[in-house]
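# Coordinates in review
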Amino acid sequence: HGDLTQKLVLSSLERATGAKWEVIEDVDSEKRVGEVHEEIAKGDMSHAPDLLRAITLGKGKLGKWEKNWADELGLPKEDLDDVVRQVVEGKRPYI
């Protein structure tokens, strides 16, 4: 199984909608972690959730598991483009 990335989801979303989506900002997660640590050191906790995103989605990939739990649980394999298209068409909840 391959890694699911934000860029793959964006590409699928563009195919499903026929629209080009503009990426406003490409965030370097390691740099962002450093910035947040500086903000926290100054007493500003407002960006602390960025740390969770960085450790889950960044290069450390805490959100990546050795096992594919969908396979372990016997869930059916799904195609990203099919799932995104269904969500866009309102035929599937997005949560």
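Preceding this section is the structure that the text describes.
Note that this is a predicted model, so its numbers are computed, not measured. (Residues numbered from 1 in each chain as written. Predicted model: local features only at pLDDT ≥ 70, side-chain atom pairs only at ≥ 80, totals over all residues. Heavy atoms only, no water.)

## Quick look at the overall build of the protein
The helix and strand tally for the protein stands at 5 helices and 0 strands. The N-to-C order of helical and strand elements in the protein reads α-α-α-α-α. Burial status across the protein gives 9% buried among its 95 residues. By sequence separation, contacts in the protein at least 24 residues apart represent 41% of the contacts at least 6 residues apart. If you sum the accessible surface of the protein, you get close to 8,100 Å²; carbon and sulfur atoms cover 57% of it. (Helix = DSSP H or I, 4+ residues; strand = E, 2+ residues; numbered from the N terminus. Buried < 20%, exposed > 50% of the residue type's maximum accessible area, 1.4 Å probe, protein only. Contact = heavy atoms within 4.5 Å. Areas by Shrake-Rupley, 256 points an atom, 1.4 Å probe, with all protein chains shown as cover.)

## A short note on the pattern of salt bridges
The full count for this structure, using the stated rule, is 12 salt bridges. Put simply, Arg85 and Asp82 hold a salt bridge, and the shortest N to O gap is 3.2 Å. Here Asp82 and Arg85 lie together in helix α5 (residues 80-88), a separation of 3 residues that amounts to about one turn. By relative accessible area, which is 32% here, Arg85 ends up partly exposed. Overall, the relative accessible area of 35% leaves Asp82 in the partly exposed class. Members of the salt-bridge network, linked through shared partners, are Arg32, Glu35, Glu39, Asp50 and Arg53. (Salt bridge = Lys/Arg side-chain N within 4 Å of Asp/Glu carboxyl O.)

## Considering the packing of helix α1 (residues 6-17) against α5
Running from amino to carboxyl end, α1 crosses α5 at an angle of 55°, the nearest separation of the two axes being 9 Å. Compared by their axis directions, α1 and α5 come out oblique. Crossing of α1 over α5 shows right-handed handedness. Within the contact between the two elements, α1 uses Leu8, Val9, Ser12, Leu13, Arg15, Ala16 and Thr17 and α5 uses Leu80, Asp81, Val84, Arg85 and Val88. Class assignment of the residues belonging to the contact of α1 with α5 gives a composition of 7 nonpolar, 2 polar and 3 charged. (Axes fitted to C-alpha atoms, helices over the stretch in contact; angles between N-to-C directions. Parallel < 35°, antiparallel > 145°, perpendicular 65-115°, else oblique. Left-handed = near helix turned anticlockwise from the far one by under 90°. Nonpolar A, V, L, I, M, F, W, Y, C, P; charged D, E, K, R; others polar.)

## Brief notes about the packing of helix α2 (residues 29-41) against helix α3 (residues 49-57)
Relative orientation of the contacting elements α2 and α3 amounts to 155°, with a least axis distance of 9 Å. The pairing of α2 with α3 is recorded here as roughly antiparallel in orientation. Classified by chirality, the crossing of α3 by α2 is left-handed. Residues Ser29, Arg32, Val33, Val36, His37 and Ile40 of α2 pack against Asp50, Leu51 and Ala54 of α3. For the contact of α2 with α3, the class distribution of residues is 5 nonpolar, 2 polar and 2 charged.

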